[in-house]
Amino acid sequence: MTYSCPSVTTLVPLDTQQMKYLIDAMWSLTEKDANAICESHGVDDWNLENHLQKCLLDALDELD
């Protein structure tokens with residue numbers, strides 16, 4: 001199923017544990033499932049994971 005809604009950038013406040021959860025959830029998918037979900041939403045999972053990892057590291061750097 002492909003969603004036809006437009007892509008809009010928004011702010012979603014997540015804590016570091018929630019970011020880790022999303023990253024882990026992405027890694028728990030089979031390649032087939034991940035590809036199907038990415039295709040249906042027009043998302044590049046590699047870029048999404050990198051974005052989440054960067055946000056996570058930036059948040060953790062704020063603790064120093």
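Above this text you will find the structure in question.
None of these values were measured; they are calculated from a predicted model. (Residues numbered from 1 in each chain as written. Predicted model: local features only at pLDDT ≥ 70, side-chain atom pairs only at ≥ 80, totals over all residues. Heavy atoms only, no water.)

(A) Representation of the overall build of the chain within the structure. The helix and strand tally for the chain stands at three helices and zero strands. Reading the chain from its N terminus to its C terminus gives the helix and strand order α-α-α. Counting only residues that meet the buried cut, the chain has 12% of its 64 residues in that class. Of the accessible surface of the chain, which amounts to about 5,700 Å², a share of 58% is contributed by carbon and sulfur atoms. (Helix = DSSP H or I, 4+ residues; strand = E, 2+ residues; numbered from the N terminus. Buried < 20%, exposed > 50% of the residue type's maximum accessible area, 1.4 Å probe, protein only. Areas by Shrake-Rupley, 256 points an atom, 1.4 Å probe, with all protein chains shown as cover.)

(B) Structural context of helix H3 (residues 45-61). The first and last C-alpha atoms of H3 sit 24 Å apart over 17 residues, in line with the 24 Å expected at 1.5 Å per residue. Taken together, the buried positions of H3 are Glu49, Leu52 and Leu56. One side of H3 carries all its buried residues, which in axial view fall inside an arc of 65 degrees. For H3, the exposed residues set more than 90 degrees away from the buried face come down to Trp46, Lys54 and Asp61. In the core, the buried residues of H3 are packed alongside helix H1 (16-28). Near the N-terminus of H3, the side chain that reaches the backbone nitrogen of Trp46, with its oxygen 2.9 Å away, is that of Asp44. (Expected span 1.5 Å × (residues − 1). Arc of directions from axis to C-beta. Contact = heavy atoms within 4.5 Å. Polar contact = N/O pair within 3.5 Å; in protein donor to acceptor, adjacent residues only side chain to side chain.)

The values are spatial; any link to function lies outside them.
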